[in-house]
Amino acid sequence: MAKINEQDIDALRERADIVDIVSGYTTLKRSGGNTFKGLCPFHSEKTPSFTVDSARALYYCFGCGEGGNIYHFIQKVENLDFPGAAEWLARRVGFDLRYEEMRPGERKTSALKLRIIAANEAAARFFHESLMSAPEASDARRYLGGRGFDREVADRWRLGFAPGRNSLTTRLLSAGFTQEELIAADLARKSERDGSLYDTFRGRVIFPTWNLQGDVVGFGARALGDAQPKYLNSSETPVFQKSRLMYGLDRAKSAMGRGEPAVVVEGYTDVIALHEAGIGTAVATNGVALGEGHFEVLKKFTQRAVLMFDADEAGRGATE
């Protein structure tokens, strides 16, 4: 594993605004000078005991004793190791980290992962824009409306619509991504007939999946009408391992960290509906059976899980 350059670690800590980062998890109010105060994101409390010193870039909670610098905060709140916290912060503030002792193979793999994440982000924007404005997305908007998901919900969850045969591929190739990168991300596939590229997802409602760091790493897609399969998911890629990813966990982990149990449901729309109804710990797998890898991920945030599958034979089997 390549080591992050020590100078970059110090420079990133100096550049980042700890108040801005912490404010993403709790509301802070100035309490004098360089001190800010709010409710602690690490335990439940009614009276604010969590303080942030913007001058020294440190935080401390007088209620539970949690404290440290911006890296300690990210490690705790995002459940990351130190390198993961540094990389999360670097992406957040637009800082390019340098690595020491990285072998050629590691550099190549790391570069490909970054390109796949960038392509996924561009695809998510394209899908969302299509859902919100494209005439051919009217059936998709009608379907989501029937589920109770209005434009605000679609915005919050960045829901999308995948149009025709190669509309996404054309857009991403023109943006500078290569055919190899699109295939590696499973955003495009190669025709066996003539070798041309076509979009993996076509004529479907799109549900982006994020990792714990907030990167778009894959997609779930629901067919409209009677097309089969009903649900199509991204294949395994260098950034998308289905056995260790759960849809909605990036949003649910904070509530789980406060002691609330995970609510494991069957599908994307179930997760969204529960979150919108105030059940903020709902998660689902990405088109695969619930397995040991998922529980290993969940137990980092909570010791309890409630399985809320359908009451049909398949649901009972999944619960068993």
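Remember, predicted model here, so these are calculated numbers, not experimental data. (Residues numbered from 1 in each chain as written. Predicted model: local features only at pLDDT ≥ 70, side-chain atom pairs only at ≥ 80, totals over all residues. Heavy atoms only, no water.)

Novice: Lay out the overall build of the chain in plain terms, naming residues and giving numbers.
Specialist: The number of helices and strands found in the chain is 13 helices and 16 strands. The C-alpha extent of the chain, read off along each of the three principal axes, is 65 × 50 × 40 Å. A burial count over the chain gives 46% of its 320 residues as buried. Taking the contacts inside the chain whose residues are at least 6 apart along the sequence as the reference set, 58% of them involve residues at least 24 apart. When the accessible surface of the chain is totalled, it reaches about 16200 Å², and 48% of it is carbon and sulfur. (Helix = DSSP H or I, 4+ residues; strand = E, 2+ residues; numbered from the N terminus. Buried < 20%, exposed > 50% of the residue type's maximum accessible area, 1.4 Å probe, protein only. Contact = heavy atoms within 4.5 Å. Areas by Shrake-Rupley, 256 points an atom, 1.4 Å probe, with all protein chains shown as cover.)

Novice: Please set out the pattern of salt bridges residue by residue, giving values where relevant.
Specialist: Tallying each qualifying case throughout the model produces 17 salt bridges. Two residues, Glu 78 and Lys 253, come together in a salt bridge whose shortest N-O distance is 3.0 Å. Of this pair, Glu 78 sits in helix α3 (residues 70-78) while Lys 253 sits in helix α10 (residues 249-257); the two residues are 175 residues apart in sequence, bridging distant segments of the chain. By relative accessible area, which is 3% here, Glu 78 ends up buried. Across the pair Arg 189 and Asp 186 runs a salt bridge, and its minimum N-O distance is 2.9 Å. (Salt bridge = Lys/Arg side-chain N within 4 Å of Asp/Glu carboxyl O.)

Novice: Can you break down the environment of Leu 224 residue by residue, with the values?
Specialist: Tracing the backbone through its elements, the reader meets Leu 224 in the loop between β12 (216-223) and β13 (231-233). Residues Leu 224 and Arg 193 lie 31 residues apart in sequence; the distance between their C-alpha atoms is 26 Å. For Leu 224, the contacting residues outside a window of four places in its chain are Asp 139, Ala 140, Tyr 143, Phe 161, Gly 203 and Val 205.

Novice: Before we move on, can you summarise the packing of α3 against helix α4 (residues 82-93) with the specific residues and values?
Specialist: Their axes nearest at 9 Å, the elements α3 and α4 cross at an angle of 105°. Between α3 and α4, the angle is such that the two are roughly perpendicular. Packed against α3, whose contacting residues are Ile 70, Tyr 71, Ile 74, Gln 75 and Glu 78, the element α4 presents Phe 82, Ala 85, Ala 86, Trp 88 and Leu 89 at the interface. Class assignment for the residues of the contact of α3 with α4 results in eight nonpolar, one polar and one charged. (Axes fitted to C-alpha atoms, helices over the stretch in contact; angles between N-to-C directions. Parallel < 35°, antiparallel > 145°, perpendicular 65-115°, else oblique. Nonpolar A, V, L, I, M, F, W, Y, C, P; charged D, E, K, R; others polar.)

Novice: Would you mind going over the sheet that holds strand β15 (residues 282-284) in detail, with residue names and values included?
Specialist: If you trace the three strands from one edge of the open sheet to the other, you get β15-β14-β16, paired in parallel fashion. Edge positions in the sheet fall to β15 and β16 (305-307), since each of these pairs with one other strand and no more. Each strand axis lies, on average, 35° off the axis of its neighbour in the sheet, ignoring direction. Across three bridges, strand β14 (residues 262-265) lies against β16 in parallel orientation. By the bridge assignment for β16, Val 264 is matched with Leu 307. Together, β14 and β15 form the strand contacts of helix α11 (residues 268-276), whose direction differs from that of β15 by roughly 175°. (Pairing = 2+ DSSP bridges.)

Novice: Now, about the side chain of Asn 211: what can you tell me, with residues and values included?
Specialist: With respect to the helices and strands, the residue Asn 211 is situated in the loop between β11 (204-210) and β12. In this structure the side chain of Asn 211 is engaged in a polar contact, spanning 3.0 Å, whose partner is the backbone nitrogen of Gly 214. Looking at Asn 211, its side chain comes within polar contact range of the main-chain nitrogen of Asp 215, at 2.8 Å. Apart from the residues lying within four places of it in its own chain, the contact partners of Asn 211 are Val 217, Leu 245 and Asp 250. (Polar contact = N/O pair within 3.5 Å; in protein donor to acceptor, adjacent residues only side chain to side chain.)

Novice: Describe the sheet that holds strand β8 (residues 160-162), with residues and values.
Specialist: Pairing in this open sheet of four strands is antiparallel, and the strands run β8-β11-β12-β13 from one edge to the other. Two strands bound the open sheet, and with one partner strand each, they are β8 and β13. Recorded for the sheet is a direction-independent mean angle of 35° between the axes of neighbouring strands. Across three bridges, β8 lies against β11 in antiparallel orientation.

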